[in-house]
Amino acid sequence: MVVLRQLFLMIALFPLSLAAQEEVAEFTSDLFGGLTSTTVLPVGRLQLETYSLYEHYSDDDTDEKLWCVNSSMLRYGLHKHLELCAKGAWMRSWLDDDTFSGFSDLAVGFKASFFEGWKAIPSVALRGFLYFPGSENSDFLSHDFAYQLDLIFSNHLTSWCELGYMGSVLWDENPSPTYFWGANLNFNLSDKVALTVEEHNYYYDFESEEKFQPWGSLTLTYHIHPRVELGIATDISLRHFTDSHNLALGVTWQLTKK
């Protein structure tokens with residue numbers, strides 16, 4: 001009887017021992033796009049990252065207001081080094097006396113982690129997107145497929161500060177690619193609050209004027225729940241400080257418990 005009781009207790013406690021050994025994966029988010037982390041989602045995790053944005057640009061010749069009603073990305077951890085994603089947005093803009101609206105940035109993509117980093121050597125990830133074209137009446141979609149490739153790096157400087165940097169190339173219907181590069185510092189102000197300071201640049205070789213456009217960015221996130229994070233962000237043109245103003249509000253929601 002003693003042996004049977006011990007065997008019963010072992011069987012009853014076995015699931016609890018497995019649960020205790022299970023590692024809880026760290027929460028990660030690429031909420032507002034741009035520079036992102038090298039971290040991929042754990043296997044089986046499904047995550048929604050969605051935000052709204054308002055932007056106003058005005059100078060001597062142009063007055064444009066852009067309202068991104070919603071921009072969303074759905075990410076899924078397929079492998080410990082690979083995730084898949086799909087994204088899209090609904091836009092509405094007012095340019096002088098004209099109004100435009102429609103879908104934007106309809107794409108599927110992936111992120112693959114190649115190296116987790118070691119001491120001063122950064123972690124490395126590769127991300128790619130395939131953008132779908134729209135019809136002739138689409139205001140925010142190109143008429144041909146477009147392709148984007150990102151090479152992402154990250155260094156953990158301290159327990160509360162991380163350095164990220166990234167370079168990208170976008171091939172679309174323009175005669176030459178668009179180039180993007182930048183870096184950011186992510187400061188963990190507490191267990192729930194983080195501040196990111198970023199500088200990024202665009203180079204449009206097909207533009208006759210202002211081919212090089214540098215920007216600064218500030219992002220503040222607040223982890224209100226183990227599976228939910230809120231964020232607020234703004235971009236600042238480093239060439240036209242007073243001409244462009246924008247603000248984005250978003251949320252990252254981990255839909256599964258993995």
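In what follows, the accompanying structure is described. (Residues numbered from 1 in each chain as written. Predicted model: local features only at pLDDT ≥ 70, side-chain atom pairs only at ≥ 80, totals over all residues. Heavy atoms only, no water.)

With that out of the way, let us pick up the sheet that holds strand β4 (residues 98-115). Around the barrel, which closes on itself, the twelve strands sit in the order β1-β2-β3-β4-β5-β6-β7-β8-β9-β10-β11-β12 with antiparallel pairing between neighbours. Across this sheet, the average inter-strand angle for adjacent strands is 20 degrees, counted without regard to direction. (Pairing = 2+ DSSP bridges. Helix = DSSP H or I, 4+ residues; strand = E, 2+ residues; numbered from the N terminus. Axes fitted to C-alpha atoms, helices over the stretch in contact; angles between N-to-C directions.)

Within the largest apolar cluster, seven residues are counted, these being Tyr51, Leu53, Leu66, Cys68, Ala89, Met91 and Ala248. Within the residue set of this core, elements represented by two or more residues are β1 (46-58), β2 (63-79) and β3 (82-95). Beyond its immediate sequence surroundings of up to four residues, Leu53 is in contact with Leu66, Trp67, Cys68, Leu247 and Ala248. One finds Met73, Cys85, Tyr131 and Ala146 within the second-largest nonpolar core, a separate group that totals six residues. (Core = buried A, V, L, I, M, F, W, Y, C linked by side-chain atoms within 4.5 Å. Buried < 20%, exposed > 50% of the residue type's maximum accessible area, 1.4 Å probe, protein only. Contact = heavy atoms within 4.5 Å.)

Next up on the list: the side chain of Gln148. Its location among the elements puts Gln148 in strand β6 (residues 146-156). Gln148 sits in the buried class, given a relative accessible area of 16%. Polar side-chain contacts of Gln148 include one of 2.7 Å to the side chain of Tyr131. Excluding anything up to four places from it in sequence, Gln148 contacts Arg127, Gly128, Phe129, Tyr131, Val169 and Leu170. (Polar contact = N/O pair within 3.5 Å; in protein donor to acceptor, adjacent residues only side chain to side chain.)

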